[in-house]
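Observations on the three-dimensional arrangement
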4 protein chains.
Amino acid sequence: MNQPRQPDTLDVLRDALRGFAAERDWEQFHTPKNLAMALSGEAGEVIEHFQWLTAEQSADLAPEVRDAVALELADVLLYLVRLADVLDVDLVAAAQRKLLINAERYPVDRARGRSDKYDRL
Amino acid sequence: MNQPRQPDTLDVLRDALRGFAAERDWEQFHTPKNLAMALSGEAGEVIEHFQWLTAEQSADLAPEVRDAVALELADVLLYLVRLADVLDVDLVAAAQRKLLINAERYPVDRARGRSDKYDRL
Amino acid sequence: MNQPRQPDTLDVLRDALRGFAAERDWEQFHTPKNLAMALSGEAGEVIEHFQWLTAEQSADLAPEVRDAVALELADVLLYLVRLADVLDVDLVAAAQRKLLINAERYPVDRARGRSDKYDRL
Amino acid sequence: MNQPRQPDTLDVLRDALRGFAAERDWEQFHTPKNLAMALSGEAGEVIEHFQWLTAEQSADLAPEVRDAVALELADVLLYLVRLADVLDVDLVAAAQRKLLINAERYPVDRARGRSDKYDRL
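Rules used in this analysis
- Throughout, a residue's number is its position along its own chain's written sequence, starting from 1.
- The order in which chains are written sets their letters, starting at A; the order in which ligands are written sets their numbers, starting at 1.
- Local features in this predicted model are restricted to residues whose pLDDT is 70 or higher, and side-chain atom pairs enter the listing and the counts only when it is 80 or higher, whereas totals over whole chains, interfaces and linings include all residues.
- Each side-chain value is worked out from all heavy atoms of the structure, with water and hydrogens disregarded.
- Put simply, DSSP marks the helices as runs of H or I at least four residues long and the strands as runs of E at least two long, and each gets a number from the N terminus on.
- All radius of gyration figures rest on C-alpha atoms, and the globule criterion is 2.2 Å times the number of residues raised to 0.38.
- Remark: exposure states derive from per-residue accessible area (1.4 Å probe, protein chains only) relative to the maximum for the residue type, with buried under 20%, exposed over 50%, and partly exposed in between.
- Any two residues having at least one pair of non-hydrogen atoms within 4.5 Å are treated as being in contact.
- Accessible surface area values rest on a Shrake-Rupley calculation with a 1.4 Å probe, where residue burial reflects the displayed protein chains alone.
- The predictor's confidence in any single residue is recorded as pLDDT, a number from 0 to 100.
- We define buried area as the total accessible area lost by two parts upon association, computed with a 1.4 Å probe and summed across both.
- The rule for a salt bridge is simple: a side-chain nitrogen of Lys or Arg has to be within 4 Å of a carboxyl oxygen of Asp or Glu.

Time to look at the overall build of chain A. Within chain A one finds six helices and zero strands. Secondary structure of chain A in N-to-C order comes out as α-α-α-α-α-α. Here chain A has a C-alpha radius of gyration of 18 Å; the compact-globule value for 121 residues is 14 Å, and the former is much larger. With the principal axes as the frame, chain A shows a C-alpha extent of 50 × 40 × 40 Å. Here chain A holds 121 residues, and the buried ones make up 51% of them. The long-range share in chain A, meaning contacts at least 24 apart out of those at least 6 apart in sequence, stands at 60%. Roughly 6000 Å² of accessible area belongs to chain A as shown, and the carbon and sulfur atoms make up 47% of that amount.

Turning our eyes to something else, we now look at the confidence of the model for chain A. Confidence in the prediction for chain A averages 95 pLDDT; 96% of positions are at 70 or higher. Reported confidence for the predicted complex is 0.95 by ipTM and 0.95 by pTM.

Turning our eyes to something else, we now look at the interface of chain A and chain B. Facing the 71 residues of chain A at the interface are 71 residues of chain B. Taking both partners together, chain A and chain B bury about 6000 Å²; carbon and sulfur atoms supply 70% of that area. Where chain A meets chain B, there are four salt bridges. A salt bridge links A:Arg97 to B:Asp67, with the shortest nitrogen-to-oxygen separation between them at 2.9 Å. Of all elements in the fold, only helix H1 (9-23), helix H2 (32-50), helix H3 (55-58), helix H4 (63-86), helix H5 (91-105) and helix H6 (108-111) of chain A reach the threshold of two or more residues within the side of chain A that touches chain B.

Here is the structure:
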């Protein structure tokens, strides 16, 4: 007998967000253009937590700051999943494809210890 | 008999990105501050695909544009997962927490058909 | 007899921001990297005002919203001027140079009525 | 006898951008919403130049990088001036107003040497 396959968290989030928007009649606002803006706005809120911190401070956040950042990252994820959904983009497949592209662009021997963009390696 | 539990896609991505960074000795660049910048830069690239489109055009992308956007969304996801990892933030738990907060902030009866922020409902 | 030349507004802002930072011992925080983050964060706040609006609504803001947006645009300008200053970049000269580049990239006869990027005209 | 007043650089840029858009029949694309997106996209390009640099490296750019950054800052300025124009916002007046607000929010004696936001001083 087969166990039911564990649903993937990104699928669960996608479905939750679909329901959330449908219940509130928000599909009218959830155009790809608007969601791309919302995504960017949330990324801006992440930035604001880190802008005056040194690299070291950014890696050693006070618990309440880390918690606030976690909720900003959640906002980015939620808009990202929703945007991918309305565009009918498979986010995980795209991420896996991009990982392969990156592996080719940044060969270990040439990219090691360097932060240069691939076209300058 | 237990089937092995299906690994979650976000965990798989997190582990892949850890390995990718470790192999290239890139942990030195992957401070939260730097990754927050990279995340924001990628969100900016998503924006650039949509900035001159009408809402309608944004929902009806040519296949090659949709494909390019998919890879930009992938970049956002990859940096988001990596940033959460170096901050030791559980992205899915944070997203679920944020969904609950949003459900409280945007009650169906008051939020229906309105795009106002919760503090103006 | 010569009248004193009217000082340029961008120079006045630059000097005011220099003084503001010096008085508060904020030069230590005003690295180009940090100011680039602050600039991006403020651009994100501009975005948030517009994300759920239609194009038409965005061109017909309520006075109190327009006023709030004006202060966000001010924030972008202040960080932009400050960032250019610490980088020793002449913002106006750069803008004039970019206008010339754009005039060449977007010839009137080919760009008219089209929002395509120059490499697709 | 009055000398003609020196035109202000921001007014000159505003007029140049108006003409540039009019000649190309681009006013249709230059809604506040779209220009806010373009502004944010350009701020994202500024970020990308700095994301992997240390604070020290960001203050000591190679000449060709500084030059590329100057053109990105120019893009931000051009979209900012254009956005303010279509919103009929006086950018300089808004900046001066914001400077006064900031002076009140960040009194020298309390803000000295601290990067905290005003509501935490």
